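Examination of the molecular architecture
Here's the letter readout for the chains.
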Amino acid sequence: MSLRKFITNKTTAALAVLLTVFANTSAFAQEAAAGAAAAPKVDMGEVYKSVIFYILIFLAVCLFIAIIGKSIKVYELSREAQGKPVGINWNRVHASLFALFLVLGLYGVYWEYTVHGSMLLPDAASEHGKKIDEMFNLTLIITTIVFILTHILLFGFAYIYKYSAKRKAYYYPHNNTIEKIWTIVPALVLTVLVLMGFLTWRSIFFKVEDPNNKPLQIEVTSEQFKWSIRYPGADGIVGKKNYKLTTSSNTLGIDFKDLNSRDDEMADEMVIPVGKPVKLILNSKDVIHSFYMPHFRVQLNTVPGMQTIFEFTPTKTTRQMQEETNDPNFKFLFFCAKICGSGHWNMQKDVRVVSEAEYKTWIAEQKTYLNDDLRKQFNLPVAPAPAKPAAEGDSSATDSAAVKGNQMALNK
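One numbering rule holds for all chains: residues counted from 1, following each sequence as written. Residue-level local features of this predicted model are given only where pLDDT is at least 70; pairs of side-chain atoms are given and counted only at 80 or more, and the full residue set underlies all totals for whole chains, interfaces and linings. As a convention, hydrogens and water are excluded, and side-chain values are obtained from all of the structure's heavy atoms.

As named in an unreviewed UniProt entry, the protein chain is Cytochrome c oxidase subunit 2, taken from Pedobacter agri. UniProt positions are given in the numbering used here, feature names are shortened, and annotations may be inferred rather than shown by experiment. In the Catalytic activity (unreviewed entry) part of its UniProt record, the protein chain is described as follows: "4 Fe(II)-[cytochrome c] + O2 + 8 H(+)(in) = 4 Fe(III)-[cytochrome c] + 2 H2O + 4 H(+)(out)".

Moving on, we come to the sheet that holds strand S5 (residues 278-284). Consider a sheet: its strands pair through backbone hydrogen bonds, and that pairing is either parallel or antiparallel. Paired strands are those between which DSSP finds at least two bridges. Secondary structure elements are defined from DSSP: runs of H or I of at least 4 residues count as helices, runs of E of at least 2 residues count as strands, and each element is numbered from the N terminus. Sheet architecture is open: 5 strands sit in the order S3-S2-S1-S5-S8, paired in mixed fashion. Edge positions in the sheet fall to strand S3 (265-267) and strand S8 (308-312), since each has one partner strand and no second. Direction aside, the axes of adjacent strands within the sheet are offset by 25 degrees on average. Where strand S1 (residues 216-223) and S5 come together, 7 bridges link them in parallel fashion. Axis definition: a line fit to C-alpha positions, over the contact stretch in the case of helices; interaxial angles, taken between N-to-C directions, run 0 to 180 degrees.

On to the side chain of Asp264, then. If you trace the backbone, Asp264 turns up in the loop between strand S2 (226-231) and S3. Polar contacts here mean pairs of N or O atoms no more than 3.5 Å apart (in protein, one a potential hydrogen donor and the other a potential acceptor; neighbouring residues in sequence count only if both atoms are side-chain atoms). Polar contacts involving the side chain of Asp264 include one to the main-chain amide nitrogen of Gly239, which spans 2.9 Å.

This next bit is on the pattern of salt bridges. The rule for a salt bridge is simple: a side-chain nitrogen of Lys or Arg has to be within 4 Å of a carboxyl oxygen of Asp or Glu. As enumerated under the stated definition, the model contains 9 salt bridges in all. One salt bridge connects Glu219 with Arg230, and the closest N-O pair in it is separated by 2.9 Å. Remark: Arg230 occurs in strand S2 and Glu219 occurs in strand S1; sequence separation between them is 11 residues. Each member of the pair, Glu219 as well as Arg230, is classed as buried. A salt bridge links Asp350 to Lys331, with the nearest nitrogen and oxygen atoms 3.5 Å apart. Remark: Lys331 occurs in the loop between helix H8 (318-325) and strand S9 (332-336) and Asp350 occurs in strand S10 (residues 348-354); sequence separation between them is 19 residues. Asp350 gets classed as partly exposed once you look at its relative accessible area, which sits at 26%. Taken together, the shared-partner salt bridges in this structure form one network comprising Glu219, Arg230, Lys241 and Asp264. Each residue is assigned to one of three classes by its accessible area relative to the maximum for its type, calculated with a 1.4 Å probe on protein chains only: buried under 20%, partly exposed between the two thresholds, exposed over 50%.

With that settled, the discussion passes to the sheet that holds strand S7 (residues 298-302). In space, the 5 strands of this open sheet follow the order S4-S10-S9-S6-S7, with mixed pairing throughout. Looking at which strands have only one partner, the edges of the open sheet turn out to be strand S4 (270-273) and S7. The mean inter-strand angle of the sheet, taken between neighbouring strand axes irrespective of direction, is 20 degrees. Note that strand S6 (residues 289-293) and S7 share 5 bridges and pair antiparallel. Bridge pairing in S7 links Ser290 to Asn301.

Its location among the elements puts Tyr75 in helix H4 (residues 51-81). Among the residues examined, Tyr75 registers a relative accessible area of 37% and is labelled partly exposed. Along the primary structure Tyr75 and Gly87 are separated by 12 residues, whereas in three dimensions their C-alpha atoms are 8.4 Å apart.

Here we come to the layout of surface pockets. The calculated volume of the largest pocket comes to roughly 400 Å³. Around the largest pocket, the lining comprises 17 residues; the ones closest to its centre are Pro215, Leu216, Pro232, Gly236 and Ile237. Taken together, the elements giving at least two residues each to the lining of the largest pocket come down to S1 and helix H9 (356-364). Class assignment of the residues belonging to the lining of the largest pocket gives a composition of 7 nonpolar, 3 polar and 7 charged. Only protein atoms enter the calculation, which uses a 1 Å grid: trapped sets of points that fit a 1.4 Å probe without letting it out are cavities, open sets showing protein on both sides within 12 Å along at least five of seven lines are pockets, and any residue with an atom within 4 Å of a point is a lining residue. Grid points are joined across faces, edges and corners, and a volume is the space filled by probe spheres set on the points. Gly is placed with the polar residues, together with every amino acid not listed as nonpolar (Ala, Val, Leu, Ile, Met, Phe, Trp, Tyr, Cys and Pro) or charged (Asp, Glu, Lys and Arg).

The next thing to look at is the confidence of the model for the protein chain. Across the protein chain, the average pLDDT comes to 83, with 81% of residues at 70 or higher. Across the protein chain, the secondary-structure element scoring lowest on mean pLDDT is helix H11 (residues 395-411), at 43, and the one scoring highest is S4, at 95. Known as pLDDT, the predictor's per-residue confidence is scaled from 0 to 100. Any two residues having at least one pair of non-hydrogen atoms within 4.5 Å are treated as being in contact. Across residues 391-412, confidence stays below pLDDT 50; counting only partners more than four residues off in sequence or on other chains, it has 12 contacts.

With that settled, the discussion passes to helix H5 (residues 90-116). The periodicity of an α-helix, 3.6 residues per turn, causes residues three or four positions apart to be oriented the same way. Look at H5: 37 Å from first C-alpha to last across 27 residues, which is about the 39 Å you get at 1.5 Å a residue. Buried residues of H5: Ala95, Leu102 and Val109, and no others. Buried positions along H5 lie against helix H6 (127-160). The span expected for a helix works out to 1.5 Å for each residue beyond the first.

What follows is the structure in structure tokens.
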């Protein structure tokens, strides 16, 4: 090969260009490394947190893809101008990409199930929770199978039957058998799922009350950004409320004309006995919130101006869950699952599931909502202050009179 041909050879020219670029890049890299070593370190933490940084990254990636695309287009046009055959078989490239995406997608499904599968829902701690989990798992299994099969067919056909000049596509306009299969089978599967959901829903919301095991009523009122929990008194019935009666002292708008409301008690946490039905009475003071108890499979909206009712039976105590999870700090919680404002993230309360004996001890320690200020506001008799100790010899008569007077005042 002559020197002229060697110099004008395209391969030689390409290698020279690559060598020049590599040399310049190495020089620039060494200079940048030396400058970086001499310069003080800059904290990039704030830069990485900014939205503009990621927008610029996205635009840079788009620009890079556009440059690659234009370079390929120039390459194709140059080959076409020289009368050469097409250099890149794009049908084969696209088919290979489809096959690659199929493999990556199936691995993504496997990874999602193995890594995030245990994060879907915690173990159910209520009777109806098991039914919901069974329905959820069946639906997930069916949809996963359908998802995998349809995508194998979709991407597999795109790869196997990619365009080829050596063959012609077969014209297949209609097939009654195939039409019947993909109409009847999905219809039957969906019918089973819908019936299962309907029966599960009815078993949860339409229950026959057992007179020997009446549910414990608990009223939960939501507002930005807290929960208020009200328990019934000895009568077992939560009293009525009216938003028109809401004041600074009567923040829940309790109607004390209803005798059932006068012995109602307030609590800072929800404590419920295991194995006993619990009837939640949910409402809201301001905006729509969402009452969510993940372990008990309870989630309902709390709506201003109306009550939402939900009944469930806890099956595991907090102590049992601590042992099962091997976490001595485990707590049941209920949250707000609807973005209701800036303090939404902090709307949560503890839930303790205890034995019947522990519950009775705890409820006896709670204070009634009705206090002296509310008694004055609603013109109710105020409980008299404890009587001073009487002289020796008259203590029994004085104590009896004081107790009798207190009982009469509180029950009026």
